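# Working through the structure, step by step
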Amino acid sequence: MHEPRARAPGVCCERVPRPLLLLALLLACTPEASNETGAPDTSTGPASTTETPTSSTTSPTSLTSTVDPGDTSTGGAVCGDGVLDPGMLCFDARRSFEAGMTPVALAVADLDLDGLLDLVVVDIGGKRVHRLRGVGGAEFTAMEPLPSFFQPRGIVVADLDMDARPDLAVADLVAANEGSHDLGVSLADGPGSFAPVVFHPVGLAPYDLAIADFDGDGAHDLASADKDSGTVSVLLGDGAGGFGEAVSYPVTMEPRTISVGDLDGDGRLDILIASYTYPNLNVLLGQGDGSFAEKPGHVPTSVGMYAVVAVDLDHDGALDIVGVDHDEREVVVIRDIGPDKLPTFNRFPVGLDPVDLLVVDLDGDGARDLVTADASSGAITVLRADP
């Protein structure tokens, strides 16, 4: 049981219907403004004392609950009562789970088919992919790491070959003058077992991955953020684990993370792109056939943002943007976005140098939890929702 926390009154603001809100986010297709701030190298970091992930509790003080500014009544709603009250953001004290040397990317799936979600963590410093088995209640224990990859950086988990078993796809990060610049795809060949990696060329230094059906044929497709070439590469899948030649689209300089969703409400999947070094989020509008607009739109933000996700985090029916601020070591939730509205920001501290983010209901209570990959902590942070 959690001690209930009182709900603070908010300030009344007019709500904007979701389609108008989404359209308001997509501004004119203009080039990104240049910023000369350099991004830190996350390929190294303090080593963990063990390479097997273990669980430990940190930061015992619960995080502050916040209220949607569009709700002016307290209504007796409190965090911890088990009710998904629209507009409330409630989280337990954060928990930390060790994940190798330098965790930089995250994915979630039921890898062992036991009905509980597991976490997959890319450890670029240890050149490994760690797996944390879910045991319920947003708690995890170690699984055997996957064999070494060549500087793995991004990862997605999906049933690429339609055999009802989740497969892994890993992006390899290499310097512009060094390596292969490709995506490595490893198909599952048994419970918790994977076939040798097959590599697919993309742009320079793929930094992150997303998986979705961009052309509506029922097969999974891949998209990568290619940091050194300033592009997003899209590879259409054949439904059997194979992928076509990559098609590249120019976006912001040094794109680092991508997210997929129907951002303009036209029924077609779009791609949201973030760059740590340069301001503004880019949006590639999808055409529904696997292709995208030649020039990206953009959503204004400051520098310092890594992973971003567009999702209704507070269950109020309006789109929020959730991201990690690497420099401030926080999860940032941006709400009340739209015409004639002042955006509100909620911030939740996590570990050292967060560079990736998951927004997912880990424990099946209907509320979305947050997971960050904290590159300089050798660990991941779990913020479990406490509705």
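The rules behind the values
- Residues numbered from 1 in each chain as written.
- Predicted model: local features only at pLDDT ≥ 70, side-chain atom pairs only at ≥ 80, totals over all residues.
- Heavy atoms only, no water.
- 1 Å grid on protein atoms, 1.4 Å probe; cavity = no way out; pocket = protein on both sides within 12 Å on 5 of 7 lines; lining within 4 Å.
- Points joined across faces, edges and corners; volume = space filled by probe spheres on them.
- Nonpolar A, V, L, I, M, F, W, Y, C, P; charged D, E, K, R; others polar.
- Helix = DSSP H or I, 4+ residues; strand = E, 2+ residues; numbered from the N terminus.
- Contact = heavy atoms within 4.5 Å.
- Core = buried A, V, L, I, M, F, W, Y, C linked by side-chain atoms within 4.5 Å.
- Buried < 20%, exposed > 50% of the residue type's maximum accessible area, 1.4 Å probe, protein only.
- Phe/Tyr/Trp six-rings, centres within 6.5 Å; stacked < 30°, edge-to-face > 60°.
- Pairing = 2+ DSSP bridges.
- Axes fitted to C-alpha atoms, helices over the stretch in contact; angles between N-to-C directions.

Our next topic: the layout of surface pockets. Counted as a void, the largest pocket has a volume near 520 Å³. Along the walls of the largest pocket sit 23 residues, with L106, V156, L209, L357 and L358 positioned nearest its centre. By residue class, the composition of the lining of the largest pocket is 19 nonpolar, two polar and two charged.

Another point: the environment of G290. Secondary-structure assignment places G290 in the loop between strand 21 (281-284) and strand 22 (297-299). Considered as a pair, G290 and V234 are 56 residues apart in the sequence and their alpha carbons are 8.0 Å apart. Residues in contact with G290, not counting those within four places in the same chain, are F214, D215, V234, L236 and Y249.

The next subject is the nonpolar core. Ranked by size, the top nonpolar core spans 37 residues in total, and within it F91, V120, I155, L168, L313, V322 and V331 carry the most contacts. Elements with a contribution of two residues or more to this core: strand 5 (103-109), strand 6 (118-123), strand 9 (152-158), strand 23 (305-311), strand 24 (320-325), strand 25 (330-335) and strand 27 (354-360). Judged by nonpolar contacts, the second largest core, of 15 residues, contains A99, L362, V371 and A373.

Right, let's talk about the packing of aromatic side chains for a bit. Throughout the structure, instances matching the rule amount to five aromatic pairs. Ring geometry for Y276 versus Y306: centroids 5.2 Å apart, planes at 35 degrees, classification tilted. Highlighted residues: Y276 in the loop between strand 20 (270-274) and strand 21 and Y306 in strand 23, separated in sequence by 30 residues. The exposure class of Y276 is buried, given its relative accessible area of 6%.

A word on the sheet that holds strand 25. An order of 23-24-25-26 is seen for the four strands of this open sheet, with the pairing classed as antiparallel. In the strand order of this sheet, the two ends are held by strand 23 and strand 26 (344-349), each with one partner. In this sheet, neighbouring strand axes are inclined to one another by 20 degrees on average, regardless of whether the strands run parallel or antiparallel.

By themselves these figures say nothing about function.
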